[in-house]
Every structure is written in structure tokens, then in C-alpha cells.
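Residue strings, one per chain:
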Amino acid sequence: MTRAHNFNAGPAALPAEVLEKAQKELVDFNNTGMSVMELSHRSQDYEEVHNEAISLVKELLNVPEGYEVLLLQGGASLQFSMIPMNFLKKGKTGNYILTGSWSEKALKEAKAFGESKIGASAKDSNYTYIPEANNIEMSESDAYVHITSNNTIFGTQWQSFDLNTPAPLFADMSSDILSKPIPIERFSLIYAGAQKNLGPSGVTLVIIKKELLEQSEENIPTLLNYNTHAEKNSLYHTPPTFAIYMLNKVLQWVKEKGGAAGMQKRNEEKASILYDVIDNSNGFYRGHAEKDSRSFMNITFNLASEELNQKFLTEAKNAGFVGLNGHRSVGGCRASIYNAVSVESCQALRDFMINFQQNN
Ligand SMILES: *Cc1c(COP(=O)(O)O)cnc(C)c1O
């Protein structure tokens, strides 16, 4: 069996070891004579998988007391709506820091429910940087401050979270969750679709402060109220059992590889392999992000012309590299190197890029 060099932006690579374990258990999970997909979500066998996934999240992300870990559906995109529905009260303003397309989409949903504002934006530069903390407008009347920790499409990433927000800090961490240790206590709400760093699509991780839960709006649809899920351990209705089973397996893999700190070391090594090629190419490869805002998850770059971009992408595809096209809204090239992408895949891409430059 050969595995592709998979640089897909999401859904993305999963660890081969995880897929192989899942394959072994596929038709007979834990001597039940059934696949995990065929179990009742009220059965003990499933509940163990479910509860272990939640406790692994708490352990690996060092989630302090006073937070709930929820496993929801609807992707990160439904969080864009659930946040203002639950927490954007009359007289308060949802404060959005715009660092890319996903933050714009989050803002759009807030506008449907109440007052919103843009505390800072990097749109003027086509999102090449993360705004400086000092330049972010914040006020006592903010309901919350919303950031996107890693900008999947533009390839920028918050390097630290030294924000002194008077209001609770919320973050969309879909594309860098568990890629490094995070100071959870700085946040009141963190959410992430699983399909980049945590597992397959279909499950969304939410880490929410209990204090915040108490302030949530009551007059909203049951399924869109965070309290519904918190009160029932994310088992109010049928959860995406197979996606949660895969999440569990990915979390075990992360634990074996040294946890969040182990991931950070590996991810920094992978990113520097590729950024070094860009930086040493004398302008042949041009990084989209400013150096001090660079993402170590999504590496975005262009070549000198659209023609050369296309030539690069075609030859890369023929050489077995998958998913290097930039997002349709920005074009160019992007290598997404989430947790499960191996160092070897990054080295292979480095060698390909150096060769391509020599031949062009
Ligand atoms: C992929 C992505 C999303 C969208 O996630 P869905 O699960 O498809 O809704 C939102 N925010 C960020 C930062 C992403 O990378």
C-alpha cells in the first residue's frame, strides 16, 4: 500500500496508524460482533469511546476546571451562528477581528442576530498579517471578542494570545487546534471542526467556560443552545458516533506522540523545512504571509506568474503531491501540514520544490 503525500486543507490527512486500527476493528468492535457504527449511542461500549474522547481532549489540551468539552455537529460554520444566538445580547456588541475569510463569515452570522463591529482588520493587505494587540479596538460593551487563531486560506496565525480583552475571548481554532499547547484559561469559548487536526468531518469540538454557559440566551431552539449539550454530556440526541470514535483514536495517537508539546515540535520542524525553501529561493517562491504572522499549519505561496503557478501545480500533482492548490478565493499554492502530515512528506515536497526551481 502506498499513501499519498496529502497536503489537503480539509478534510485532511489522518495518521495511517489510526486508519489501520480502525480498519482492524471495523466489523467487530471490542468483541461486540458489531461495528462501532452499529452500536447504540446509549450502550456502554459506545459511551466508553465517547467519554474517553472527552477526557483525552481535557488531558491533552490541559483544560482547567470550570470548562465543559462538547462534541457537536454542524461544523465550525454552525458555531458562527450559535455564538451570537447564545451570547449576543441586546445592548452589547459582538467584536470581530478580521484576519481572513472565515472571520468574515463568522461576522456575517453575528449581523443576523445583533450589533457587531470590526475591532481590527487585515483585509487592506489581503490578509497577510495578524493585527497587533495594541491596535485592536475593545470596549466594555463588547459581548465578546472573536478571533480566528489560524487563517487556513491565507496562511497566517496568531503567534500569542496576549490580548487584554475586557469581554470574554472566543476563538475559532478549526485549523490549529491541538497543534501546540494553548492557554485555555484565556478563552471563554474555543471551537473547531474536527476535519483538519482532530479526525474526520462530522464532529465539532467546543470548549466552553461554565460561567459563560450560565449567561446563555434561553429562548432559542433546543439543539442550538449550548446548555442542552452540556447538561447531557453531548448525548442529548444521536451524536456522530463514528466521527467521535475516530477522534478518540486520533487523540490517542497524539498522546503517543508526546501530546500537544510533541505536536508543536513536529509541526515547527515541518514548517521550517518548507519556509526555508521559500526563504532561500531568491524570490522564486513568494510567501503570502508576513514572516512574523506565518502559520505553521498552512503555508501559502505564489510563483512569479500564474503560468508558473499552474506549471508547478501540474508537475507536483503528477509527482504524487495532493492538495497543493491555493483556495479558490486567493489562488496560488498552499501546503497544509496539519498534525497527521509526516515530516517525510514535507521533506519530499522540499526536494520537489528545489528541483522545480532548478529546472525553471
Ligand atoms: C475549515 C474552517 C472552517 C469551516 O469549517 P466547517 O466545519 O466546514 O464548517 C471554519 N473556520 C476555519 C478557521 C476553518 O479552517
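Residues numbered from 1 in each chain as written. Predicted model: local features only at pLDDT ≥ 70, side-chain atom pairs only at ≥ 80, totals over all residues. Heavy atoms only, no water.

A. Spotlight on the pairing of strand S14 (residues 333-336). With burial as the criterion, each face of S14 is covered, one bearing Cys333 and Ala335 and the other bearing Arg334 and Ser336. Two elements, strand S12 (residues 298-302) and S14, share 4 bridges in a ladder whose sense is antiparallel. Paired with threonine 300 across the two strands is arginine 334, which belongs to S14. (Buried < 20%, exposed > 50% of the residue type's maximum accessible area, 1.4 Å probe, protein only. Helix = DSSP H or I, 4+ residues; strand = E, 2+ residues; numbered from the N terminus. Pairing = 2+ DSSP bridges.)

B. View of the sheet that holds strand S8 (residues 169-172). Here 7 strands make up an open sheet; going across it, the order is S2-S10-S9-S8-S5-S3-S4 and the pairing mixed. Looking at the sheet topology across the chains shown, the edges are occupied by strand S2 (67-72) and strand S4 (115-121). Each neighbouring strand pair of the sheet contributes to a mean axis angle of 20°, computed without reference to strand direction. Across the sheet, helix H2 (residues 44-60) is in contact with S2 and strand S10 (204-209); its angle to S2 comes to roughly 130°. Helix H3 (residues 75-87) contacts S2, strand S3 (93-98), strand S5 (142-148), S8, strand S9 (189-193) and S10 of the sheet and is inclined by roughly 155° relative to S9. (Axes fitted to C-alpha atoms, helices over the stretch in contact; angles between N-to-C directions. Contact = heavy atoms within 4.5 Å.)

C. Molecular detail of the state of the cysteines. All told, the structure shown has 0 disulfides when counted by the stated rule. Free cysteine: cysteine 333, not disulfide-bonded; nearest cysteine sulfur from cysteine 346 at 15 Å. On the basis of relative accessible area, cysteine 346 is assigned to the buried category, the value being 0%. (Disulfide = S-S within 2.5 Å.)

D. Here's a closer look at the sheet that holds S12. One open sheet accounts for 3 strands, arranged S11-S12-S14; its pairing is antiparallel. At either end of the open sheet lies a strand with only one pairing partner, and these are strand S11 (286-287) and S14. Helix H8 (residues 259-279) contacts S11, S12 and S14 of the sheet and is inclined by roughly 15° relative to S12.

E. H3, seen in detail. For H3, built from 13 residues, the straight-helix expectation of 18 Å at 1.5 Å per residue is met to within 8% by its first-to-last C-alpha distance of 18 Å. The principal kink in H3, of about 25°, is found at serine 81, preceding the proline proline 84 by one to four residues. Looking at H3, one finds that the buried residues are Ala76, Gln79, Phe80, Ser81, Met82, Ile83, Pro84, Met85, Asn86 and Phe87. (Expected span 1.5 Å × (residues − 1). Bend = angle between axes of the 7 residues up to and from the residue.)

F. Inspection of the packing of helix H1 (residues 16-25) against helix H7 (residues 241-256) at higher detail. The N-to-C vectors of H1 and H7 enclose an angle of 135°; their axes lie 10 Å apart at closest approach. What the angle tells us is that H1 and H7 run oblique. As H1 packs across H7, the resulting crossing turns out to be right-handed. Residues Glu17, Val18, Leu19, Lys21, Ala22 and Glu25 of H1 pack against Tyr245, Met246, Lys249, Val250, Trp253 and Glu256 of H7. Considered class by class, the residues forming the contact of H1 with H7 number 7 nonpolar, no polar and 5 charged. (Parallel < 35°, antiparallel > 145°, perpendicular 65-115°, else oblique. Left-handed = near helix turned anticlockwise from the far one by under 90°. Nonpolar A, V, L, I, M, F, W, Y, C, P; charged D, E, K, R; others polar.)

G. Up close: the site of the ligand. The environment of the ligand is made up of 13 residues, and the closest members are Ser77, Thr152, Asp172, Gln195 and Lys196. Between the ligand and the protein, one listed contact pairs an oxygen atom with a backbone N or O atom of alanine 76 at 3.1 Å. One nitrogen or oxygen atom from the side chain of glutamine 195 is found 2.9 Å from an oxygen atom belonging to the ligand. Protein contact buries 87% of the 390 Å² of open area that the ligand shows by itself. Considering every element that reaches the shell around the ligand, the biggest residue donor is H3, with 4 residues. When its residues are assigned to classes, the shell around the ligand shows 3 nonpolar, 8 polar and 2 charged. (Near = heavy atom within 4 Å. Polar contact = N/O pair within 3.5 Å; in protein donor to acceptor, adjacent residues only side chain to side chain. Areas by Shrake-Rupley, 256 points an atom, 1.4 Å probe, with all protein chains shown as cover.)

H. Examining the pairing of S8 more closely. Side chains Leu169 and Ala171 of S8 all project onto a buried face; the interleaved residues Phe170 and Asp172 project onto the opposite face, where all are buried too. Bridging between S5 and S8 involves 4 bridges; their strand directions are parallel. Looking at S8, one finds that histidine 146 is bridged to phenylalanine 170.

I. Just the nonpolar core, in detail. Formed by 55 residues in total, the largest nonpolar core has its most connected members in Leu61, Ile147, Ile177, Leu178, Phe187 and Ile207. Considering each element in turn, this core owes the most residues, 9 residues, to H7. Once residues lying within four places of it in the same chain are set aside, the contact partners of leucine 61 are Ile177, Leu178, Ile182, Ile184 and Ile207. Ala9, Leu274, Phe321 and Phe352 belong to the second largest nonpolar core, which has 35 residues in total. (Core = buried A, V, L, I, M, F, W, Y, C linked by side-chain atoms within 4.5 Å.)

J. Region of interest: the domain arrangement of the protein chain. Segmenting the protein chain into domains produces domain 1 (16-256) and domain 2 (259-359). Here the C-alpha centroids of domain 1 and domain 2 sit 27 Å apart. Tallying the contact residues gives 28 residues for domain 1 and 26 residues for domain 2. When the two sides are added together, the surface that domain 1 and domain 2 hide from each other amounts to roughly 2,100 Å², 54% of it contributed by carbon and sulfur. Per-residue buried area on domain 1 facing domain 2 is highest for Thr128, Ile153 and Trp253; these three make up 23% of the total on that side. Linking domain 1 to domain 2 there are 0 salt bridges. On inspection of domain 1 and its partner domain 2, the count reaches 16 residue pairs in polar contact (both at pLDDT 80 or more). Counting only elements with at least two residues in the side of domain 1 that touches domain 2, the list comes to strand S6 (150-151), strand S7 (156-157) and H7. Considering each element in turn, the side of domain 1 that touches domain 2 owes the most residues, 3 residues, to H7. In terms of residue class, the side of domain 1 that touches domain 2 is built from 11 nonpolar, 13 polar and 4 charged. (Domains from an automatic or database assignment. Buried area = accessible area lost by both parts, 1.4 Å probe. Salt bridge = Lys/Arg side-chain N within 4 Å of Asp/Glu carboxyl O.)

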